[in-house]
Amino acid sequence: MKYSYYPGCTLKNKAQDLDLYARRAAVALGFELVEIPEWQCCGGVYPLGTDEIASKLSSVRALNYAKEQGQDLITLCSACHHVLKRVNDDMKNVADISDRANNYMQLDAPYKGETTVVHFLEVLRDRIGFDELKKKVVNPLTGKKIGAYYGCLALRPGKVLEFDDPENPQIMEDFIRALGAEPVIYPYRNECCGAYTALEDKNIPAKRTKMIFDSADGFGADMLITACPLCMYNLNKSEADSKVPVYYFTELLAEALGVKEGVEQ
Amino acid sequence: MSLTMAEKQAEQIRQISGSDPYKCMKCGKCSASCPSFNEMDIKPHQFVSYVVNDNIEALAESKSLWKCLGCFACVERCPRDVQPGRVVDAARQLVERQRGGDHLHAEDIPALLDDDVPQQLLVSAFRRYRR
Ligand code: SF4
Ligand code: SF4
Ligand code: SF4
Ligand code: SF4
């Protein structure tokens, strides 16, 4: 199976591990990530204004490219996943945005939200299957107690993202189980890390990440996993006493599949 | 009868956000869910009421505009689909769309960087804090 892959700006720079280990894992699992040529940054946050069209176009271009290839569009970064799914929903269901974007772009055929956007974790759950993944694990992470840190952008709003139950998700816990480790469920796993306030008010992420680490540590987590480079940054900058190491989920996946040092796609 | 400035601005906020603040039943669930509640001078449920009451000047000066995290906890939990986070965003845009209204400037960036800042942080902050 081939997917149109939208890496996003951060995976080409500060979050190269998130990308690299995903590519290695995909080879081991038998699917192909075909990077979309000339993709443009999605902007990191969804443009909320109903009259904001220009800032949604980079997403529309990527979505339309995948449509022309007849492929589903796969993302790894929680934020890209959030933005692309929401813009796709607009193109499908919000006539005003869809008409204005199409009028501007003048594509060969109008884009109406035909592409399916999937997060890498959704591919593991819905296409590969966690049972199948489990069978391919050669280095089970036995004995590790891992807290899934979902953050917010992967889950909410649940009606549009349809990633998992936004109040009680389980996809990352099932993923952790498939790798042979033990998931740790803690209350702050879907609470925001402080997001972009980190740039000008470090106090907010400092307080948020302390609550997240206290919560995870209190329930016995040895480490956390995330799919979001900004969560990773905010968590890594934390000075909480309860801090535990944080990994991209793809790094543990590649480790369990025995391809962490493997050949790139 | 012509609209006052504040009435026009309240209408703009309703249009930009696509939200109907009149549907609010003042249950307070948004504020109870908000991770930035303590940082805000005007709380999310109050924000919605201020729009209903055309009290826009206070919103434009509120520090809540810059403390909302865009986390969508309030949007997820509002039982009346008011989408308070979108109302906060629309008020922020109303300010930023004025000349000189940007909260973050390109010249500010170098001093705010460290070696680990992900690109995502810069583009997200730029999109939320300036137009
Ligand atoms: S979300 Fe981020 S990392 Fe992903 S492309 Fe968009 S801005 Fe870049
Ligand atoms: S937790 Fe923080 S960085 Fe991660 S998705 Fe939410 S806001 Fe973004
Ligand atoms: S989106 Fe903003 S107002 Fe709503 S809960 Fe999050 S921080 Fe609070
Ligand atoms: S949750 Fe919705 S209905 Fe309740 S106070 Fe907030 S905006 Fe109003």
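The preceding data block contains the structure.
Residues numbered from 1 in each chain as written. Chains lettered and ligands numbered in written order. Predicted model: local features only at pLDDT ≥ 70, side-chain atom pairs only at ≥ 80, totals over all residues.

Some remarks on the overall build of chain B
For chain B, the helix and strand inventory stands at nine helices and zero strands. Secondary structure elements in chain B, listed N-terminal to C-terminal, are α-α-α-α-α-α-α-α-α. Relative to the 2.2 N^0.38 estimate, which gives 14 Å for 131 residues, the radius of gyration of chain B is 15 Å and therefore close to what a compact globule would have. The dimensions of chain B, computed from C-alpha atoms along their principal axes, are 50 × 35 × 25 Å. Excluding contacts between residues fewer than 6 apart, the proportion of contacts in chain B whose partners are at least 24 apart in sequence is 69%. (Helix = DSSP H or I, 4+ residues; strand = E, 2+ residues; numbered from the N terminus. Rg over C-alpha atoms; globule rule 2.2 N^0.38 Å. Contact = placed C-beta atoms within 7 Å.)

Overview of the interface of chain A and chain B
Taken residue by residue, the interface counts 35 residues in chain A and 31 residues in chain B. For the side of chain A that touches chain B, the secondary structure elements donating two or more residues are α9 (203-218) and α10 (229-237) of chain A. In terms of residue count, the dominant contributor to the side of chain A that touches chain B is α10 of chain A (four residues). Considered class by class, the residues forming the side of chain A that touches chain B number 19 nonpolar, 10 polar and six charged. (Nonpolar A, V, L, I, M, F, W, Y, C, P; charged D, E, K, R; others polar.)

Observations concerning the sheet that holds strand β7 (residues 223-226) of chain A
Residue and element names in this part refer to chain A. Sheet architecture is open: four strands sit in the order β6-β5-β7-β8, paired in parallel fashion. Each having just a single partner strand, β6 (182-184) and β8 (246-248) make up the two edges of the open sheet. Looking at each pair of strands side by side, their axes are set apart by 40° on average, direction ignored. Relative to β8, β7 is paired through three bridges, and the arrangement is parallel. Opposite Thr226, over in β8, you have Tyr248 as the bridge partner. Of the strands in this sheet, β5 (145-148), β6 and β7 touch helix α8 (residues 171-178), which is tilted by about 155° from β5. Relative to β8, helix α11 (residues 249-256) is tilted by about 75°, and along the sheet it contacts β7 and β8. (Pairing = 2+ DSSP bridges. Axes fitted to C-alpha atoms, helices over the stretch in contact; angles between N-to-C directions.)

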